[in-house]
Amino acid sequence: MKRIYIAVIFLLITLCAAAVETGYITAKADMFISKIENIDKLMRRNEYTSALRICQNTEKEWYDSAGTIDMLLIHDYVDEIGLSIAKMTSFAERKNIDMYFSESTDAKKELTSIKESEYPLLENLL
């Protein structure tokens, strides 16, 4: 009977860890999507200085949190998002609006993808 109790305890620990990991990734992805959408609004209004400043802060925040996110996700996904954010900063700096929005769209899609891939759905388990 002890073995059953121990197995149930391990199962509960695993479920709690999975819930915390899913919540963390979802919160981070939502935060970065929100920041990118804010930068998008500034770029549309031709407020390049503000957009560039926020873009640089977003890039720094991504690299600060990338280490933790890297432990939880596939390394390539994290690198792709970081690269997209870096390109966004570069394009905002050069005021290249078309290329900026192209990278912005890619970054938001990648962030949405990593967020949705963490949900406990049948398609994610198979």
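Residues numbered from 1 in each chain as written. Predicted model: local features only at pLDDT ≥ 70, side-chain atom pairs only at ≥ 80, totals over all residues. Heavy atoms only, no water.

Asker: What is the right way to look at a nonpolar patch on the surface in this model?
Answerer: Nonpolar side chains collect at one region of the surface, where M1, I4, Y5, V8, L11, L12 and L15 lie side by side and expose about 750 Å² of accessible area between them. The topology assignment puts Y5 in helix α1 (residues 2–44). (Patch = residues over 30% accessible without salt bridge, like charges linked within 9 Å, V, L, I, M, F, W, Y side chains within 5 Å. Areas by Shrake-Rupley, 256 points an atom, 1.4 Å probe, with all protein chains shown as cover. Salt bridge = Lys/Arg side-chain N within 4 Å of Asp/Glu carboxyl O. Helix = DSSP H or I, 4+ residues; strand = E, 2+ residues; numbered from the N terminus.)

Asker: Help me out: how do you make sense of α1 in this one?
Answerer: Since the α-helix advances by 3.6 residues per turn, residues separated by three or four positions end up pointing in the same direction. Taking 1.5 Å of rise per residue, 43 residues should cover 63 Å, and α1 covers 63 Å from first to last C-alpha, within 8% of that figure. Within α1, the full set of buried residues consists of E21, T22, I25, T26, A29, F32, I33, I36, I39, D40, L42 and M43. Turning to α1, the residues buried within the fold contact α2 (48–72), α3 (75–93) and α4 (97–117). In the segment just after α1, N46 is the residue with positive phi, at about 60 degrees. (Expected span 1.5 Å × (residues − 1). Buried < 20%, exposed > 50% of the residue type's maximum accessible area, 1.4 Å probe, protein only. Contact = heavy atoms within 4.5 Å.)

Asker: Help me out: how do you make sense of the packing of aromatic side chains in this one?
Answerer: Any pair of aromatic rings gets described here by the distance separating the centres and the angle formed by the planes. One pass over the full model with this rule turns up two aromatic pairs. Arranged with centres 5.1 Å apart and planes meeting at 80 degrees, the rings of F32 and W62 form a pair that is edge-to-face. Of this pair, F32 sits in helix α1 while W62 sits in helix α2; the two residues are 30 residues apart in sequence, bridging distant segments of the chain. W62 carries the same exposure label as F32, and that label is buried. Taken together, a centroid distance of 5.1 Å and an interplanar angle of 80 degrees make the contact between Y100 and F101 edge-to-face. For Y100, a relative accessible area of 0% corresponds to the buried category. (Phe/Tyr/Trp six-rings, centres within 6.5 Å; stacked < 30°, edge-to-face > 60°.)

Nothing here speaks to function; it is all geometry.
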